[in-house]
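Here's the letter readout for the chains.
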Amino acid sequence: MVVTTISLPALEKPWAQEVRADSELLFDIGHAVGGPFHVVYPEQFADNLRAFQAVLDEHGVRGQVYFGKKANKAGCWLSKVAELGGAVDVASAPELIHALAQGIRGQDIGVTGAAKSDELLWLAVRHGCLVAIDSLDELDRITALARTDGPARILLRVLPPRAPHSRFGLSPGDLEAALVRCAELRQHLEMSGFSFHLDGYAVAPRAELAWELIELVAKARAAGLAAQAVCIGGGFACSYLAADDWEAFTSGRTDDWFHAGKQFEKFYPYAQRPVGAAMLEAVLTVEFDGASLAHHLRDNDIRLFLEPGRALLIDAGFTVFPVQGFKRNDAHGITTVAGLSMSVSEQWKGSEFLPDPILVPRNRIADAQPVASCVGGASCMEYDVLTWRKVPFPQAPAAGDLLVYPNTAGYQMDKNESEFHQLPLPPKIVLTRENGRLRWRLDR
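Model, not experiment: these values are computed from the prediction.

Draft legend 1. Examining the domain arrangement of the chain more closely. Domain assignment breaks the chain into domain 1 (14-41 + 316-442) and domain 2 (42-237 + 272-312). One C-alpha centre belongs to domain 1, the other to domain 2, and the line joining them spans 35 Å. Contact residues are listed per partner, giving 14 residues for domain 1 and 12 residues for domain 2. Roughly 1200 Å² is buried in total at the junction of domain 1 and domain 2, and carbon and sulfur atoms are behind 57% of that figure. Together, Tyr41, Tyr411 and Asp414 form the three largest contributors to the area buried by domain 1 at its contact with domain 2, with a combined 50%. Scanning the region where domain 1 abuts domain 2 turns up 1 salt bridge. Between Asp414 and Lys73 there is a salt bridge; the shortest N-O distance is 3.8 Å.

Here it is, written out as structure tokens:
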């Protein structure tokens, strides 16, 4: 029987290729931690953050880049944010406390999310964080805190007109009422502007809604409010695969490519353009009334805030699983690794993380025959599968080998991790470069 499959090699930065080329480094780390682990590289995160900041600078737009902390729990990113004058977006009290503990000042922390807890609001007010208000009820609650611990710095989160059924944001009627309350309570509330978040990765809708909010800023200022910012949220596109490979997959996909004919409704768009900071550039250059959005922001003295998560973490980390065993199932193989599919979170959204895992064998076999294999986790659950797709490997994986899942830092590593079977969570290994060589430590 001929196994039908396709290769989807990941786009990788030189640092990741260098680490894999030094396989003894990975085996040494594996020996030290005794199980699966995540490798993170803060310098790549720093490069991504600098790229966003450079776009704002090049267009003369005052603003701030808030790292969407929920995308990865590691602390090493936060010290880079502090070092580079960035900011952090949090949505829980533990996230806020972690950011403060890693050196992020309260004034550089944004607080988002629906129906925030009283503890989160209290901490945010005490530390001067910028809170995106999602409802009139939340406005009342933060006002009560601001009377004793304030004033409170807030944005009013707008319900996107193109997403009227979203559970986030103030409806037009509530937004009007909120503006009136902010004007009445200006001694307790510093109304700094407006925010929104859009699903998807399209440029035009973000630019169009930002343009509409410029008028709202003018309206708020006319009411005596100190509105001076528009926050366009996150959703900055990323690419993991070459465009040709992605096209070959999407146009030719069949159930035969997957173990047990597994079917999926949708996948993340693994190749797209523009991405990252280039997408911010595209947003800023959309024209309205004959001038770019960047021009209108400058002309109206409005700051632009954004909240990228995945786009700051792209290319900044990968995940390593020790191989525990391999067996053949008809014409393809089933590889079982130490660890669980919860450490590749796309599976737990009913989808698949598609870039090819990369085999790092303990012993390379010169005349080995290539094999195709899916990859399962170490649990007793049938659905604990890291990769349903039959991935081509240069030789059959064997116990003691390592399997590298590339580019997992954004939303894959720890979004859904679990200690199921009492297995410890994979540690995050921070790589740094000192005196021309790579060194590693545990994330703090």
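Draft legend 2. Spotlight on the UniProt feature "modified residue: N6-(pyridoxal phosphate)lysine" (unreviewed entry) in the chain. As annotated by UniProt and renumbered to match this structure, "modified residue: N6-(pyridoxal phosphate)lysine" (unreviewed entry) occupies Lys70. Checked against the element boundaries, Lys70 lands in the loop between strand 2 (63-68) and helix 4 (76-83). Taking the relative accessible area as the measure of exposure, Lys70 reaches 45% and is therefore partly exposed. Lys70 has contacts with Asp89, Glu95 and Tyr411, leaving out every residue within four places of it along the chain.

Draft legend 3. Structural view of the state of the cysteines. Across all of its chains, the model carries 0 disulfides by this definition. In this structure Cys76 is not part of a disulfide, and its nearest cysteine sulfur, from Cys238, lies 17 Å away. Cysteine Cys231 is unpaired, with the sulfur of Cys129 as its nearest cysteine sulfur at 14 Å.

Draft legend 4. How the structure looks around the packing of helix 9 (residues 203-222) against helix 11 (residues 276-285). Viewed as axis vectors pointing N to C, helix 9 and helix 11 meet at an angle of 50 degrees, and their least axial separation amounts to 9 Å. By the angle class used here, helix 9 and helix 11 are oblique. The crossing of helix 9 and helix 11 is right-handed. Here Val203, Arg206 and Ala207 of helix 9 lie close against helix 11, whose contacting residues are Met279, Ala282 and Val283. Split into classes, the residues belonging to the contact of helix 9 with helix 11 amount to 5 nonpolar, no polar and 1 charged.

Draft legend 5. Up close: the UniProt feature "active site" (unreviewed entry) in the chain. Here, the residues flagged by UniProt with the feature "active site" (unreviewed entry) are Cys380. Considering the arrangement of structural elements, one finds Cys380 in the loop between strand 15 (371-376) and strand 16 (385-393).

Draft legend 6. Here's a closer look at the nonpolar core. Grouped together as the largest cluster of nonpolar side chains are 117 residues, with contacts concentrated most on Trp77, Ile142, Ile154, Leu156, Met191 and Phe194. With 9 residues, helix 9 is the largest single contributor of residues to this core. Taken domain by domain, this core gets at least three of its residues from each of domain 1 (14-41 + 316-442) and domain 2 (42-237 + 272-312). The residues touching Met191, leaving out its near neighbours within four places in the chain, are Ile154, Leu156, Leu179, Cys182, Ala220, Leu225, Ala226 and Ala227. The next biggest cluster of nonpolar side chains, apart from the first, holds 19 residues, and it includes Leu25, Leu26, Ile29 and Leu431.

Reading the values: the criteria
Residues numbered from 1 in each chain as written. Predicted model: local features only at pLDDT ≥ 70, side-chain atom pairs only at ≥ 80, totals over all residues. Heavy atoms only, no water. Domains from an automatic or database assignment. Contact = heavy atoms within 4.5 Å. Buried area = accessible area lost by both parts, 1.4 Å probe. Salt bridge = Lys/Arg side-chain N within 4 Å of Asp/Glu carboxyl O. UniProt positions renumbered as here; feature names shortened; annotations may be inferred. Helix = DSSP H or I, 4+ residues; strand = E, 2+ residues; numbered from the N terminus. Buried < 20%, exposed > 50% of the residue type's maximum accessible area, 1.4 Å probe, protein only. Disulfide = S-S within 2.5 Å. Axes fitted to C-alpha atoms, helices over the stretch in contact; angles between N-to-C directions. Parallel < 35°, antiparallel > 145°, perpendicular 65-115°, else oblique. Left-handed = near helix turned anticlockwise from the far one by under 90°. Nonpolar A, V, L, I, M, F, W, Y, C, P; charged D, E, K, R; others polar. Core = buried A, V, L, I, M, F, W, Y, C linked by side-chain atoms within 4.5 Å.

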